[in-house]
Amino acid sequence: MKKFIYFSFCMVISIVVYAQGNIRQELLTSSVMLSSALQKGEIQKTQIEDLILAGKIAPDVVHFILEQKELGIILSEEQISKSEELYYGNLAIEFFNDPSKFENNEKPKYEPNNIEDNNPDITFLEKNISGNSQFGRAVSNAGDVNGDTYDDVIVATQQYDSDRGRAYIFYGGTAMDNAPDVILIGENTGDKFGCSVAGAGDVNGDGYDDVIVGAYQYNSSTGRAYIFYGSSSMNNVADVILDGEGTSNVFGFSVSSAGNVNRDDYADVVIGAYG
């Protein structure tokens, strides 16, 4: 099984630095944004630790940091103390405002405000399709492809139109709906475009997140992967096309962001080929 890592290069450095600055200011209201920023290499754990000591991280994110060991953020005793101070300080304010939240004088437990029940808030459906298109066969966080500060999602259907395949991007927002905002379409029947999808991070350094889609049966299973650049008016034309080495390579069976593996400030991608 082979995996290919592709480095991305670009000369637009000032935009990337500006985006990093925004993340450092806004990060620390959302644990989801924190995970995304770490994955894309846009912020380092040392910066997070510094922000903890400066008291600039929101309490819900502090809780997230303390609980999510897999992020590899190892805090000093001083940082842990500061984190707990921020976290429990926020709970004390909640207790003051509404003591009914806490029963029997037990130590307050953190419960994210946005998790209220186990009912879906949005249900995505593929409409007017006959047969089994396998809508939802692959899904992923797409990052913020249109630059509106809300993360977006990508949902694929690899068997659409005789295995041509499609991928649908749905923009996030305060009033997110289930109507696709961008529809990406495979090149040929039988390609199984959308067998794998992922947010790619910002591979070209323009300040917008990009997406990557695999089509492992392209050209006698040589396989292909397509990168689509995000923008304020994102289109469905592939900006980068990557091909497998030979027939039956099954290149593109899996795709993912690789973070910033070479520290050039541009996101990289990894593509699997098990043939």
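Located above this text is the structure these notes cover.
Here's what I pulled together on the structure shown here. In this text, all values refer to a predicted model and were calculated from it rather than measured experimentally.

1. Here's the deal with the overall build of the chain
On a plain count of helices and strands, the chain comes out with seven helices and eleven strands. Taken over 275 residues, the chain has a buried fraction of 42%. Contacts in the chain between residues far apart in sequence, at least 24 positions, make up 54% of those at least 6 positions apart.

2. With respect to the packing of aromatic side chains
Aromatic ring pairs are described here by two measures, namely the spacing of the ring centres and the angle between the planes. Applying the stated criterion to the full structure yields seven aromatic pairs. Taken together, a centroid distance of 5.4 Å and an interplanar angle of 70 degrees make the contact between Phe193 and Tyr226 edge-to-face. One end of the pair, Phe193, is in strand 6 (residues 193–201); the other, Tyr226, is in strand 8 (residues 224–228), and 33 residues separate them in sequence. Across the pair, exposure class does not vary: Phe193 and Tyr226 are buried alike. On the numbers, 6.4 Å between centres and 85 degrees between planes, the contact of Phe193 with Phe228 is edge-to-face. On the criterion of sequence distance, the pair formed by Phe193 in strand 6 and Phe228 in strand 8 is long-range, its members being 35 residues apart. For the pair formed by Phe193 and Phe228, the shared burial category is buried. One aromatic cluster in this structure is built from Phe193, Tyr226 and Phe228.

3. Thoughts on unusual backbone geometry
Positive phi is not limited to glycine here, since Gln134 has a value of about 60 degrees. Overall, the relative accessible area of 24% leaves Gln134 in the partly exposed class. Of note, the phi angle at Lys192 is positive, near 55 degrees, even though the residue is not glycine. With respect to the element layout, Lys192 can be found in the loop between strand 5 (182–185) and strand 6.

4. Focus on the sheet that holds strand 7 (residues 210–215)
Here we have four strands laid out as an open sheet, ordered 6-7-8-9, and antiparallel in their pairing. Pairing within the sheet leaves two strands with one partner each, and these edge strands are strand 6 and strand 9 (240–243). Put simply, the sheet's adjacent strands are angled 20 degrees from each other on average, direction ignored. As defined by bridge partners, strand 8 adjoins strand 9 across four bridges and the pair is classed as antiparallel. Paired with Arg224 across the strands is Asp243, a residue of strand 9.

5. Topic: the environment of Gly186
Here Gly186 is to be found in the loop between strand 5 and strand 6. Between the C-alpha atoms of Gly186 and Gly165, which are 21 residues apart in sequence, the distance is 5.2 Å. Those residues in contact with Gly186 that lie beyond four places of it in its chain are Arg164, Gly165 and Phe193.

Rules used throughout
In this numbering scheme, every chain counts its residues from 1 along its sequence in written order. Totals for whole chains, interfaces and linings use every residue, but because this is a predicted model, local features are given only for residues with pLDDT of at least 70 and side-chain atom pairs only at 80 or more, for both listing and counting. The side-chain quantities take in all heavy atoms of the structure and omit both hydrogens and water. Secondary structure elements are taken from DSSP: a helix is a run of H or I of four residues or more, a strand is a run of E of two residues or more, and numbering for both begins at the N terminus. Only protein chains enter the accessibility calculation, which uses a 1.4 Å probe. A residue is then buried if its area is under 20% of the maximum for its type, exposed if over 50%, and partly exposed in between. Here a residue-residue contact requires only that any non-hydrogen atoms of the pair lie within 4.5 Å. By convention, a stacked pair of Phe, Tyr or Trp rings (six-membered ring in the case of Trp) has centres within 6.5 Å and planes under 30 degrees apart, an edge-to-face pair has planes over 60 apart, and any other such pair is tilted. A strand pair is defined by DSSP finding two or more bridges across the two strands. Axis lines are fitted through C-alpha atoms, for helices just across the contact stretch, and the angle between N-to-C directions can take any value from 0 to 180 degrees.

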